[in-house]
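# Secondary and tertiary structure notes
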Amino acid sequence: MDLFSRSWTALRTAVTELPDHDFAMPSGCTGWLVRDLVCHLIIDAQDVLITLVTPADSAPTRNAVTYWNISDTPPTGADPLDALIVRLAAAYQEPGLLKFHLDDVGSAAGRAATLVDPTIHVSTCDQVLTAGDYLSAYVLEWTLHHLDLIAHLPELADPPAESLARSRDMLEQIAGSPFPATMSDKDALLVGTGRRIPTDAEKLAMTDFPTTLPLILG
């Protein structure tokens, strides 16, 4: 849960430090501007709050790795929920309002994560996890979205090194194979999830990679 807090704090801090004009920049999420991604983070924070207060009596059905579903279809931005996020983000009108709402709800989600018993069972999306596994899964969520946030803003800091390393480890477990040691954690995440096309050298290094890439996580 400490890593959840560090990765979430780093992401929220990056948003807080954005100048207003950067909210109109494209993000690493297909079809979304930075403002749309920030709006999505607000929804994510609400989901964390809801899940942590939704106890389950049954045994866990997923863990931090199996929490993720793999899709065969890359996102296009045309999905109804994705399109709703765009309209909702536009309704804020001022970047400062998005920052305020993310800080408000995001801080609450961060506090809830530090207070919850990691061994309790919680329910989300018709699945049951321990709270600890649920929060561990979100380390990957926060790290990937941090990379999305800075995709076209190279002056911003990367996610924390420990978040990148843990996210790579989870993605390798999902893939069932390690990425080449020559790839940095950041590059493994970007290439592995289809956020960047692999270079010729990376393609050569992954010639024997057993899993079809990219892994579209949902």
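If you're wondering where the values come from, they're calculated on a predicted model, not measured in any experiment. (Residues numbered from 1 in each chain as written. Predicted model: local features only at pLDDT ≥ 70, side-chain atom pairs only at ≥ 80, totals over all residues. Heavy atoms only, no water.)

## Considering helix α7 (residues 185–192)
Taken together, the buried positions of α7 are Ala188, Leu189, Leu190, Val191 and Gly192. Considering only its buried residues, α7 is in contact with α5 (131–149), α6 (161–175) and α8 (200–205). Directly after α7, the chain includes glycine 194, whose backbone phi takes a positive value near 80°. (Buried < 20%, exposed > 50% of the residue type's maximum accessible area, 1.4 Å probe, protein only. Helix = DSSP H or I, 4+ residues; strand = E, 2+ residues; numbered from the N terminus. Contact = heavy atoms within 4.5 Å.)

## A few points about the packing of helix α2 (residues 34–52) against helix α4 (residues 95–115)
Packed helices, taken two at a time, are described by the angle their axes make and the gap between the axes. It is at 9 Å that the axes of α2 and α4 come closest, and there the two elements cross at 30°. Classified by the angle between their axes, α2 and α4 sit roughly parallel to one another. By crossing handedness, the relation of α2 to α4 is classed as left-handed. For the pair α2 and α4, contact is made by Arg35, Val38, Cys39, Leu41, Ile42, Ala45, Gln46, Val48, Leu49 and Leu52 and by Leu98, His101, Leu102, Val105, Gly106, Ala108, Ala109, Ala112 and Ala113, respectively. In terms of residue class, the contact of α2 with α4 is made up of 15 nonpolar, 3 polar and 1 charged. (Axes fitted to C-alpha atoms, helices over the stretch in contact; angles between N-to-C directions. Parallel < 35°, antiparallel > 145°, perpendicular 65-115°, else oblique. Left-handed = near helix turned anticlockwise from the far one by under 90°. Nonpolar A, V, L, I, M, F, W, Y, C, P; charged D, E, K, R; others polar.)

## Some details on the side chain of threonine 130
Note on placement: threonine 130 falls in strand β3 (residues 127–130). Here threonine 130 falls in the buried class, since its relative accessible area comes to 18%. Among all residues touching threonine 130, those that are not within four sequence positions of it are Pro60, Pro118, Thr119, Ile120, His121 and Val122.

Function cannot be inferred from these measures alone, as they are strictly geometric.
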